[in-house]
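The chain contents come next:
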Amino acid sequence: QVQLVESGGGLVQPGGSLRLSCAASGLSLDYYGIGWFRQAPGKEREGVSCISRSDGSTDYADSVKGRFTISSDNAKNTVYLQMNSLKPEDTAVYYCAATYSGSYYCGVSGMNYWGKGTLVTVSS
């Protein structure tokens, strides 16, 4: 079975940095994409950043471009999200998710497996 476990969340001040980790197990070699999503209080879940297995393509939400970077360490079966210049509006529960199908590798409705999430709070 596929299991995704997030870690690295916490409380940081505006302008600070955090690195989230997603440890994956049971993920087949033919998965389509994997990445990060978030859900803030009172808002719908949205894609933050994902990476495609086939060609390594990445995608970022406009709100995080230039501040967040997604990367992976296949030897450790782990995906990371480096978050810099954090803003209060980045406050949310961050989820790791993976998909085996779909025309887009970073769509909320297309993801097949989800982690339980890790809370990121950006506040002064």
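Above this text is the structure in question.
Remember, it's a predicted structure, so these values are computed and weren't measured experimentally.

About the criteria used
Every chain is numbered on its own, with residues counted from 1 as its sequence reads. Thresholds applied to this predicted model are a pLDDT of at least 70 for local features of residues and 80 or more for the giving and counting of side-chain atom pairs; totals over whole chains, interfaces and linings are not thresholded and use all residues. Values reported for side chains reflect all heavy atoms of the structure, with hydrogen atoms and water molecules removed beforehand. We count a stretch as a helix when DSSP gives it H or I for four or more residues in a row; a strand needs E for two or more, and each element gets its number in order from the N terminus. Radius of gyration here is computed from C-alpha atoms only, and the compact-globule reference equals 2.2 Å multiplied by the residue count raised to the power 0.38. We call a residue buried when its accessible area falls under 20% of the maximum for its residue type, exposed when it is over 50%, and partly exposed in between, using a 1.4 Å probe and counting protein chains only. Here a residue-residue contact requires only that any non-hydrogen atoms of the pair lie within 4.5 Å. When charges are tallied, Lys and Arg are placed among the positive residues and Asp and Glu among the negative ones, while His and the ends of the chain are skipped. Charged groups are reduced to one reference atom each: NZ for lysine, CZ for arginine, CG for aspartic acid, CD for glutamic acid. Two strands pair if DSSP finds at least two bridges between them. Between the N-to-C directions of two axes lies an angle of 0 to 180 degrees, each axis being a line fitted to C-alpha atoms and, for a helix, fitted only over the stretch in contact.

J.: What is the right way to look at the overall build of the protein chain in this model?
T.: Each helix and strand counted, the protein chain has zero helices and 11 strands in total. For 124 residues, the compact-globule estimate of 2.2 N^0.38 gives 14 Å, and the protein chain sits close to it at 13 Å. Taking the principal axes of the C-alpha coordinates as reference, the protein chain spans close to 45 × 25 × 25 Å. Taking all 124 residues of the protein chain together, the buried fraction comes to 40%. Considering only contacts in the protein chain between residues 6 or more positions apart, those separated by 24 or more positions represent 59%. Once the 10 positive and 10 negative side-chain charges of the protein chain are each reduced to a mean point, those two points are 5 Å apart.

J.: Hey, could you run me through the environment of Ala24 in this one?
T.: Relative to the elements of secondary structure, Ala24 occurs in strand S3 (residues 18-25). Taking relative accessible area as the criterion, Ala24 reaches 16% and is therefore assigned buried. Along the backbone, Ala24 and Gln3 are 21 residues apart, and their C-alpha atoms lie at a distance of 5.8 Å. Other than its neighbours up to four places away in sequence, Ala24 contacts Gln3, Leu4 and Asn77.

J.: So what exactly am I meant to see when it comes to the sheet that holds strand S8 (residues 78-83) here?
T.: If you trace the four strands from one edge of the open sheet to the other, you get S1-S3-S8-S7, paired in antiparallel fashion. Looking at which strands have only one partner, the edges of the open sheet turn out to be strand S1 (3-7) and strand S7 (68-73). This sheet shows a mean twist of 15° between the axes of neighbouring strands, independent of strand direction.

Functional significance is not addressed by these values, which are geometric in nature.
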